[in-house]
Each structure stands twice: as structure tokens, then as C-alpha cells.
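Below are the chains, spelled out letter by letter.
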Amino acid sequence: MGNVFGRKSQPSRVTEQDKAILQLKQQRDKLKQYQKRITLQLDKERLLAKQLLRNGKKEKALLLLKKKRYQDQLLDKTENQISNLERMVQDIEFMQIEMKVIEGLKVGNDCLKSMHEIMSIEDVERILDETQESIEYQRQIDDMLAGALTLEDEDAVLAELEAITQGEDVALPEVPTEPIPEVPEAAKAEPERREAKKKPEREMLAA
């Protein structure tokens, strides 16, 4: 119970413009009700004037028609007042929309100002300069590497890069599948004859 009574009331969202619009609409509705009531009364008085003329009471009928004429003028004034009230309601509602637009522009302008304070022109120029320096440094490294590698090295590097990109290893030379041809017997004996020939020569040199 204490929390309920101790809770702070929320500020009302109804503005003075909303109250003004409500009052104008209430006045407009009252005028429309008055207009409707007078219209019904005029129809009755017109029928009554016809009845008085049938009964030969021309003076009373004439007096009733004068009254009706006066009420017709009141209806015209009422119609003008209703039009003025409706126009005023529309103007206020449109002004509310314009105020919201202006408030949105103000918030956006403040946001841009705060962003400009965070990122000044000097900061942008510094970042652009640093970026340009990094590009130039990388270009120098590329030029140095390009001068140190031969065309074969360049091809090998590109092939390895392509293999890494495709997720495959660099292709190695294929192992021959054909059988190795046999060496003839004469070819096998030739080294033995050469070795036998050189052996006495080594013994003579050793003696």
C-alpha cells in the first residue's frame, strides 16, 4: 500500500495545443447541434406558416416568416463559425506536425555537431595522411620484393598462392610407373675390368 501511494505520478502527455484542439472541437460540435435544432424548427415554422395562410391568418403567417428569415441568417453565421473552428483546428494540428519536424531537425543537427567535435577536420586529414603513408610503404616493400625475385620465383610464388587459395598443396612431379630397364651384362663387367687394370698400377706406386 505504501508503494502505491508513494509512487510518483507520471507527467501528462496532453499538451496545451491538445487542450485547445479539444475545446475547439467541442465548440464546433455544439454549433452543429444548434444548427440541426434550428433547421428542424424552421421546417416546422414553415409548415405552420402554410397552415396559417390556409386559415386566413395572413398577419400571423407573415410574422412567423420574418422570424424564420432571422433564424436563416443565424444559420448562415453558424455555418461560418463552424468553418472557422474547423480551419483553426487544422492549423493547430498542422503546426504540431511542423513542431515535431523542427524538433527532429534540431536533434539531428545536435548529433552532427557532436560527431564533428569528435572527428575534426584535422583528424580526418591526419588519418588520410597516415593511410597514404601506409600505401607508399607497402608499395616500396612490393617493389623491393619484385626486384629480388626472378621470373621463376615469381611463378613459383604465384603457383603456391593459387594452391593455398584453392585449399590444395603444390603439385609435385609424378613418380614414373614404368619399370626401370635392365643394365646389359657387358656394361656390368666394364667397371670390374677397369678396377682390375688399375690394381697393379697402385701396387707399383706403393712399392
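Here the structure is shown first, and the text comes after it.
Residues numbered from 1 in each chain as written. Predicted model: local features only at pLDDT ≥ 70, side-chain atom pairs only at ≥ 80, totals over all residues. Heavy atoms only, no water.

A.B. asks: How should the overall build of the chain be read in this particular structure?
C.D. replies: What the chain contains, in helices and strands, is 6 helices and 0 strands. Traced from its N-terminal end to its C-terminal end, the chain shows the element sequence α-α-α-α-α-α. The buried share of the chain, reckoned over its 207 residues, is 11%. Carbon and sulfur atoms provide 58% of the accessible area of the chain, an area that totals close to 19100 Å². (Helix = DSSP H or I, 4+ residues; strand = E, 2+ residues; numbered from the N terminus. Buried < 20%, exposed > 50% of the residue type's maximum accessible area, 1.4 Å probe, protein only. Areas by Shrake-Rupley, 256 points an atom, 1.4 Å probe, with all protein chains shown as cover.)

A.B. asks: What am I meant to see in the packing of helix H2 (residues 16–54) against helix H3 (residues 58–118) here?
C.D. replies: For any two helices packed against each other, the geometry comes down to the angle between their axes and how far apart the axes lie. The contact between H2 and H3 brings their axes to 8 Å, and the two run at 160°. As far as their axial angle goes, H3 and H2 are roughly antiparallel. Handedness of the H2/H3 crossing: left-handed. Tallied by class, residues from the contact of H2 with H3 come to 21 nonpolar, 9 polar and 14 charged. (Axes fitted to C-alpha atoms, helices over the stretch in contact; angles between N-to-C directions. Parallel < 35°, antiparallel > 145°, perpendicular 65-115°, else oblique. Left-handed = near helix turned anticlockwise from the far one by under 90°. Nonpolar A, V, L, I, M, F, W, Y, C, P; charged D, E, K, R; others polar.)

A.B. asks: Could you clarify how one ought to interpret the nonpolar core in this entry?
C.D. replies: Taken as a class, soluble globular proteins show a tendency for nonpolar side chains to be buried jointly. Counting 7 residues, the largest nonpolar core consists of Ile21, Leu24, Leu31, Ile82, Leu85, Val89 and Ile92. Put simply, the parts of the chain that give this core at least two residues each are H2 and H3. Element by element, the count of residues in this core is highest for H3, at 4 residues. Contacts of Leu31, omitting those with residues within four sequence positions, involve Thr78, Gln81, Ile82 and Leu85. (Core = buried A, V, L, I, M, F, W, Y, C linked by side-chain atoms within 4.5 Å. Contact = heavy atoms within 4.5 Å.)

A.B. asks: What am I meant to see in a negative patch on the surface here?
C.D. replies: Residues Glu122, Glu125, Asp129 and Glu133 make up a contiguous surface patch of negative charge. Its location among the elements puts Glu122 in helix H4 (residues 121–148). Accessibility expressed as a relative area gives 54% for Glu122, which makes it exposed. (Patch = residues over 30% accessible without salt bridge, like charges linked within 9 Å, V, L, I, M, F, W, Y side chains within 5 Å. Salt bridge = Lys/Arg side-chain N within 4 Å of Asp/Glu carboxyl O. Lys, Arg positive; Asp, Glu negative; His and termini not counted. Charge placed at Lys NZ, Arg CZ, Asp CG, Glu CD.)

A.B. asks: Can you help me understand the side chain of Gln96 in this one?
C.D. replies: Mapped onto the elements of the fold, Gln96 is located in helix H3. In this view, Gln96 contacts Thr15, Gln17, Asp18 and Ile21; residues no more than four positions away in its chain are not counted.

Just geometry here; none of it tells us what the structure is for.
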